[in-house]
Amino acid sequence: MARKGKSGEAEAFSRAAVAVFRLNGRFTAALDRLALPSGLSSARWQVLSTVTGESLSVSEVARRVGTTRQSVQRIADLLVRQDLAVYLDNPAHRRAKLLTATERGAEAKREIDSCLAELARQLCERLGGEDEMRRTAEVLRGLSGALAAAGTDDSA
(Lines give C-alpha, C1' and ligand atoms only; values in the text may rest on other atoms or scores of the structure.)
Protein backbone atom coordinates (compact mmCIF):
# COMPACT_ATOMS: atom_id res chain seq x y z
CA MET A 1 0.00 0.00 0.00
CA ALA A 2 1.53 3.33 -1.09
CA ARG A 3 1.68 6.07 1.51
CA LYS A 4 0.13 9.36 0.58
CA GLY A 5 2.70 12.00 -0.39
CA LYS A 6 5.50 9.48 -0.88
CA SER A 7 7.09 9.04 -4.29
CA GLY A 8 7.26 5.64 -5.91
CA GLU A 9 11.05 5.69 -5.56
CA ALA A 10 10.86 6.48 -1.84
CA GLU A 11 8.29 3.73 -1.35
CA ALA A 12 10.48 1.23 -3.25
CA PHE A 13 13.52 2.26 -1.19
CA SER A 14 11.55 1.92 2.05
CA ARG A 15 10.38 -1.57 1.09
CA ALA A 16 13.94 -2.56 0.17
CA ALA A 17 15.28 -1.24 3.49
CA VAL A 18 12.66 -3.15 5.49
CA ALA A 19 13.37 -6.32 3.49
CA VAL A 20 17.12 -6.00 4.09
CA PHE A 21 16.63 -5.42 7.82
CA ARG A 22 14.36 -8.47 8.01
CA LEU A 23 16.87 -10.50 6.01
CA ASN A 24 19.69 -9.39 8.32
CA GLY A 25 17.68 -10.53 11.33
CA ARG A 26 17.02 -13.90 9.76
CA PHE A 27 20.67 -14.36 8.71
CA THR A 28 21.79 -13.43 12.21
CA ALA A 29 19.35 -15.87 13.84
CA ALA A 30 20.35 -18.69 11.46
CA LEU A 31 24.07 -18.10 12.01
CA ASP A 32 23.58 -17.86 15.76
CA ARG A 33 21.91 -21.30 15.72
CA LEU A 34 24.70 -22.80 13.59
CA ALA A 35 27.54 -21.17 15.55
CA LEU A 36 26.23 -21.91 19.05
CA PRO A 37 27.64 -25.48 19.28
CA SER A 38 31.10 -24.01 18.60
CA GLY A 39 30.66 -21.43 21.37
CA LEU A 40 30.30 -18.56 18.93
CA SER A 41 27.67 -16.04 17.89
CA SER A 42 27.07 -14.83 14.36
CA ALA A 43 29.05 -11.67 15.18
CA ARG A 44 32.02 -13.66 16.50
CA TRP A 45 31.84 -15.99 13.47
CA GLN A 46 31.88 -12.97 11.14
CA VAL A 47 34.99 -11.48 12.74
CA LEU A 48 36.71 -14.86 13.01
CA SER A 49 35.96 -15.58 9.35
CA THR A 50 37.50 -12.27 8.37
CA VAL A 51 40.79 -13.01 10.14
CA THR A 52 41.13 -16.70 9.28
CA GLY A 53 44.06 -16.93 6.91
CA GLU A 54 44.74 -13.19 7.08
CA SER A 55 45.97 -10.92 9.87
CA LEU A 56 44.14 -7.59 10.02
CA SER A 57 43.87 -4.65 12.37
CA VAL A 58 40.59 -4.21 14.21
CA SER A 59 39.89 -1.13 12.07
CA GLU A 60 40.41 -3.14 8.88
CA VAL A 61 38.05 -5.84 10.13
CA ALA A 62 35.44 -3.20 10.97
CA ARG A 63 35.63 -1.75 7.46
CA ARG A 64 35.27 -5.18 5.86
CA VAL A 65 32.28 -6.24 7.93
CA GLY A 66 30.65 -2.82 7.86
CA THR A 67 30.49 -2.07 11.56
CA THR A 68 32.23 0.09 14.12
CA ARG A 69 35.77 -0.41 15.32
CA GLN A 70 34.51 -0.48 18.91
CA SER A 71 32.14 -3.37 18.18
CA VAL A 72 34.88 -5.36 16.50
CA GLN A 73 37.29 -4.59 19.37
CA ARG A 74 34.85 -6.08 21.91
CA ILE A 75 34.38 -9.19 19.76
CA ALA A 76 38.12 -9.51 19.07
CA ASP A 77 38.88 -9.39 22.80
CA LEU A 78 36.28 -12.14 23.39
CA LEU A 79 37.78 -14.30 20.62
CA VAL A 80 41.24 -13.87 22.16
CA ARG A 81 39.90 -14.85 25.61
CA GLN A 82 38.36 -17.97 24.01
CA ASP A 83 41.76 -18.80 22.41
CA LEU A 84 40.13 -18.57 18.97
CA ALA A 85 42.26 -15.59 17.90
CA VAL A 86 45.46 -13.82 18.94
CA TYR A 87 46.89 -10.33 18.62
CA LEU A 88 50.17 -9.99 16.74
CA ASP A 89 52.58 -7.10 16.45
CA ASN A 90 51.84 -4.91 13.45
CA PRO A 91 54.99 -3.88 11.59
CA ALA A 92 53.08 -1.00 9.97
CA HIS A 93 51.68 0.47 13.19
CA ARG A 94 53.11 0.14 16.68
CA ARG A 95 49.80 0.53 18.57
CA ALA A 96 47.32 -1.14 16.19
CA LYS A 97 47.86 -4.86 16.72
CA LEU A 98 46.86 -7.39 14.09
CA LEU A 99 44.18 -9.96 14.82
CA THR A 100 44.43 -13.47 13.41
CA ALA A 101 42.67 -16.78 14.03
CA THR A 102 44.39 -19.49 16.03
CA GLU A 103 44.28 -23.08 14.79
CA ARG A 104 41.43 -23.64 17.25
CA GLY A 105 39.60 -20.65 15.77
CA ALA A 106 40.15 -21.87 12.21
CA GLU A 107 38.76 -25.27 13.21
CA ALA A 108 35.66 -23.67 14.77
CA LYS A 109 35.15 -21.69 11.56
CA ARG A 110 35.45 -24.87 9.45
CA GLU A 111 32.83 -26.61 11.62
CA ILE A 112 30.39 -23.74 11.19
CA ASP A 113 31.15 -23.46 7.48
CA SER A 114 30.25 -27.12 6.98
CA CYS A 115 26.84 -26.43 8.57
CA LEU A 116 26.50 -23.32 6.42
CA ALA A 117 27.08 -25.41 3.29
CA GLU A 118 23.86 -27.33 3.96
CA LEU A 119 21.93 -24.12 4.62
CA ALA A 120 23.34 -22.65 1.39
CA ARG A 121 22.20 -25.73 -0.54
CA GLN A 122 18.68 -25.41 0.87
CA LEU A 123 18.49 -21.68 0.13
CA CYS A 124 19.76 -22.10 -3.44
CA GLU A 125 17.16 -24.79 -4.00
CA ARG A 126 14.36 -22.54 -2.70
CA LEU A 127 15.54 -19.58 -4.79
CA GLY A 128 15.73 -21.58 -8.00
CA GLY A 129 19.41 -22.47 -8.12
CA GLU A 130 22.91 -21.17 -7.70
CA ASP A 131 22.61 -18.64 -10.53
CA GLU A 132 19.62 -17.02 -8.86
CA MET A 133 21.51 -16.85 -5.55
CA ARG A 134 24.43 -15.16 -7.35
CA ARG A 135 22.07 -12.62 -8.95
CA THR A 136 20.53 -11.91 -5.54
CA ALA A 137 23.97 -11.34 -4.04
CA GLU A 138 24.89 -9.02 -6.93
CA VAL A 139 21.75 -6.93 -6.39
CA LEU A 140 22.53 -6.64 -2.68
CA ARG A 141 26.16 -5.64 -3.43
CA GLY A 142 24.86 -3.07 -5.90
CA LEU A 143 22.51 -1.59 -3.30
CA SER A 144 25.34 -1.49 -0.76
CA GLY A 145 27.63 0.24 -3.28
CA ALA A 146 24.94 2.77 -4.19
CA LEU A 147 24.40 3.61 -0.52
CA ALA A 148 28.15 4.04 -0.02
CA ALA A 149 28.35 6.30 -3.09
CA ALA A 150 25.44 8.37 -1.75
CA GLY A 151 27.53 9.11 1.34
CA THR A 152 25.50 7.04 3.77
CA ASP A 153 28.30 4.60 4.67
CA ASP A 154 29.87 5.67 7.98
CA SER A 155 31.90 2.47 8.42
CA ALA A 156 34.61 3.38 5.91
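Everything discussed here concerns the structure shown above.
Worth saying up front: this structure is predicted, and the values here are computed from it rather than measured.

Cut-offs and rules
- Residues numbered from 1 in each chain as written.
- Predicted model: local features only at pLDDT ≥ 70, side-chain atom pairs only at ≥ 80, totals over all residues.
- Heavy atoms only, no water.
- 1 Å grid on protein atoms, 1.4 Å probe; cavity = no way out; pocket = protein on both sides within 12 Å on 5 of 7 lines; lining within 4 Å.
- Points joined across faces, edges and corners; volume = space filled by probe spheres on them.
- Helix = DSSP H or I, 4+ residues; strand = E, 2+ residues; numbered from the N terminus.
- Core = buried A, V, L, I, M, F, W, Y, C linked by side-chain atoms within 4.5 Å.
- Buried < 20%, exposed > 50% of the residue type's maximum accessible area, 1.4 Å probe, protein only.
- Contact = heavy atoms within 4.5 Å.
- Expected span 1.5 Å × (residues − 1).
- Salt bridge = Lys/Arg side-chain N within 4 Å of Asp/Glu carboxyl O.

Student: Explain the layout of surface pockets here, please?
Tutor: In this approach, a probe sized like a water molecule rolls over the atoms, and the result shows the empty space that is left. As a volume, the largest pocket reaches approximately 1,900 Å³. As for the largest pocket, its lining consists of 41 residues, of which Val20, Leu23, Asn24, Phe27 and Leu140 are closest to the centre. Elements with a minimum of two residues in the lining of the largest pocket: helix H1 (8-35), helix H2 (42-50), helix H3 (58-65), helix H5 (103-127) and helix H6 (130-149). Ranked by residue count, the leading element in the lining of the largest pocket is H1, at 13 residues.

Student: I tried to follow the nonpolar core on my own but got confused; where do I start?
Tutor: Looking at soluble globular proteins, one finds that nonpolar side chains tend to be buried together. One finds Leu40, Val47, Val61, Val72 and Leu79 to be the most contacted residues of the largest nonpolar core, which totals 23 residues. Put simply, the parts of the chain that give this core at least two residues each are H1, H2, H3, helix H4 (69-81), strand E3 (98-101) and H5. Once you skip the residues sitting within four places of it in the chain, valine 47 turns out to touch Val61, Val72, Ile75, Leu79 and Leu99.

Student: Even after reading the chapter, I still don't get H5, so can you show me in this structure?
Tutor: Each α-helix winds once per 3.6 residues, and so residues spaced three or four apart point in a common direction. With 25 residues, H5 should reach 36 Å at 1.5 Å per residue; the first-to-last C-alpha distance of 35 Å fits that figure. Listing the buried residues of H5 in full gives Gly105, Ala106, Ala108, Lys109, Ile112, Leu116 and Cys124. For H5, the secondary structure elements touched by its buried residues are H1, H2, E3 and H6. At the exit of H5 stands glycine 128, carrying a positive phi of roughly 105°.

Student: In this structure, what is going on with the pattern of salt bridges? I would like to understand it.
Tutor: Between side chains of opposite charge, a pair can form when the charged atoms approach closely. Taken as a whole, this structure holds eleven salt bridges when the rule is applied. For arginine 15, the salt bridge is made with glutamate 11, and the minimal N-O distance between the two is 3.2 Å. In this pair, arginine 15 and glutamate 11 are both assigned in helix H1, four residues apart and thus about one turn of the helix distant. We classify arginine 15 as partly exposed; its relative accessible area is 48%. With a relative accessible area of 12%, glutamate 11 lands in the buried category.

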